[in-house]
Amino acid sequence: MSEDQPPAAAATPYLPLFLRAAGRKAAVVGGGLVAARRVETLARAGAQVFVYALRLDHEEFAPLATSFAFTHVAREPQRADLAGALVCYVATGDPADDERLHSALAGAGVPISVADRPNLSDFISPSILDRSPLVVAISTGGASPLLGRLLRARLETLIPAAYGRLAAFAGRTRAQVNDKLESPVARRRFWERALDGPIAELVLARNEPAAEKALAAALERAAEDGRAPPLGEVYLVGAGPGDADLLTFRALRLMQKADVVLYDRLVDPSIVDLARREAERIYVGKRRADHALPQEEISDLLVRLARQGKRVLRLKGGDPFIFGRGGEEIEKLAEHGIPFQICPGVTAATACAAYAGIPLTHRDHAQACVFVTGHGREGALDLDWGALVRPNQTVAIYMGLDRLAELTQALVAHGADPALPAAIIDNGARANQRVVVGTLADLAARARAASLRGPTIVIVGTVVSLRDKLNWYAPERSD
Ligand code: SAH
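The present account deals with the structure reproduced in this document. Please read these numbers as outputs of a predicted model, since none were measured by experiment.

## Here's the deal with the overall build of the protein chain
- The secondary structure content of the protein chain amounts to 17 helices and 17 strands.
- By the compact-globule yardstick of 23 Å for 479 residues, the protein chain is too spread out, its C-alpha radius of gyration being 29 Å.
- Along the first, second and third principal axes, the C-alpha atoms of the protein chain reach 90 × 65 × 45 Å.
- Looking at the protein chain as a whole, 44% of its 479 residues are labelled buried.
- Accessible surface computed for the protein chain: about 25400 Å², of which carbon and sulfur atoms make up 54%.
- Taking the average location of the 57 positive side-chain charges in the protein chain and that of its 56 negative ones, the two points are 3 Å from each other.

## Comments concerning the side chain of Ser 299
- The residue Ser 299 is located in helix H11 (residues 295-307) in this model.
- Apart from the residues within four sequence positions on either side, Ser 299 is in contact with Glu 328, Glu 329 and Lys 332.

## Structural notes on the site of the ligand
- Taken together, 19 residues surround the ligand, and among them Asp 319, Ile 322, Thr 347, Met 399 and Thr 456 come closest.
- Measuring from an oxygen atom of the ligand, one finds a side-chain N or O atom of Thr 347 at 2.6 Å.
- Take Met 399: an N or O atom from its main chain is 2.8 Å from an oxygen atom of the ligand.
- Here the ligand loses 93% of its free accessible area of 540 Å² to cover by the protein chains.
- A class-by-class count of the residues in the shell around the ligand yields 11 nonpolar, 6 polar and 2 charged.

## A closer look at the pattern of salt bridges
- Summed over all chains, the structure comprises 25 salt bridges.
- In this structure, the salt-bridge partner of Arg 165 is Glu 208, at a minimum N-O distance of 2.9 Å. With Arg 165 in helix H5 (residues 163-180) and Glu 208 in helix H8 (residues 208-225), this pair connects stretches of sequence that are 43 residues apart.
- Residue Arg 314 is joined to Glu 329 by a salt bridge in which the shortest nitrogen-to-oxygen separation is 3.2 Å. One end of the pair, Arg 314, is in strand S11 (residues 311-316); the other, Glu 329, is in helix H12 (residues 326-335), and 15 residues separate them in sequence. Comparing Arg 314 with Glu 329, the two get one shared label, buried.
- When salt bridges with common partners are traced through the structure, they connect Arg 188, Arg 189, Glu 192, Asp 259, Arg 276, Glu 278 and Arg 311 into a single cluster.

What counts as what
Residues numbered from 1 in each chain as written. Predicted model: local features only at pLDDT ≥ 70, side-chain atom pairs only at ≥ 80, totals over all residues. Heavy atoms only, no water. Helix = DSSP H or I, 4+ residues; strand = E, 2+ residues; numbered from the N terminus. Rg over C-alpha atoms; globule rule 2.2 N^0.38 Å. Buried < 20%, exposed > 50% of the residue type's maximum accessible area, 1.4 Å probe, protein only. Areas by Shrake-Rupley, 256 points an atom, 1.4 Å probe, with all protein chains shown as cover. Lys, Arg positive; Asp, Glu negative; His and termini not counted. Charge placed at Lys NZ, Arg CZ, Asp CG, Glu CD. Contact = heavy atoms within 4.5 Å. Near = heavy atom within 4 Å. Polar contact = N/O pair within 3.5 Å; in protein donor to acceptor, adjacent residues only side chain to side chain. Nonpolar A, V, L, I, M, F, W, Y, C, P; charged D, E, K, R; others polar. Salt bridge = Lys/Arg side-chain N within 4 Å of Asp/Glu carboxyl O.

Take a look at the structure:
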């Protein structure tokens, strides 16, 4: 690990977990709608529920009483009532009463949750998608329960109702699989195939007996294969310019399969967070003139890890084949016969242009767009200037911040109009995106005045002048 490791994404102060409530005592304070929902959730989980309220709303509680057992205590609870309880919900429907009861009950050593008052609560209740035994719980950390419910509605449509059967099936056959397959890696691969292939389809089609047969047969085959040493593979994945929204579905799928993740500075921590949680993470640095691990060593590391049978995810900023040295990395892999996949990503130039409201091509302005690097090999800026100053094209310059003055002067020296519009986009497609607009003559000075820190993309061409007309839809604009 290097010391310029990017900071971790902000964490929630809540610990996500599923508490075993079966057979445990639990208290609900209140007799209205919200209290009734809490009683139902607790009773479903098998808790022994005590409801403290002078009276219970008949409409809410009468139907509940036909399916679930709970004890009504027709008075306010005391702290001592909570002895031995797992949790306590306070939801009287009256904020002042809730607050008063919270003060009276706090300190009993039992976690308390007050309806709609995250600040008073030791825990908050997630939105729940119930496909028992499969349960998805969603929290927004109390920020917007409604958003959680909207998300839940979306997941309802994504997760087939029969997934509960699939989870139950996996639970029933788990010991059988553990017996046959010793290595955790082999087990995981087995389940990945089983839960996402024909066996799962049989379960979802309610044909469990056939699914069990198919599983047993697949298990025999996997146990045979397991004796040969596994060969890993490498996924060279473009992570886009920094906004996790710009990842591709394929990138996300590969990220979820990885055993180990190699990432560098250009990859936003929020994106690295999306990789499989158990995956080992290795920071391989890379910053202008300060490469934490030389390219050669990164390539060697990829080969070494894959040889250990691991699925290695190499996350690259933007697109792996655009100034990403992805080509060099796969040459090494091919040399050693390691299987690999390349997943393209949104490259910085197109992302920055879109988020800054600048079309890279336009019928009236530019019929071509050239991507160049402003970071010369061994220091020299060895570009084909004649080609870059042609009319009717846009030039997008990667890694151009350090030598912006030199670059813009060279373009003018080779015949470009000093008044040609140019923009520099710093941290494009990220929350801290900044856009500085000028001309070839003054862009370097303006960028200096704005103390841009990079990464930046420079866009040169008359398309930049369209920005004022088009950027009304750009998501971020802090300039
Ligand atoms: N493979 C990457 C480019 C790697 S070179 C891609 O396709 O985007 C690194 C350069 O990319 C940086 O110096 C900068 O010029 C550019 N870059 C990457 N992310 C950027 C971002 N979010 N905003 C602006 N420029 C970015």
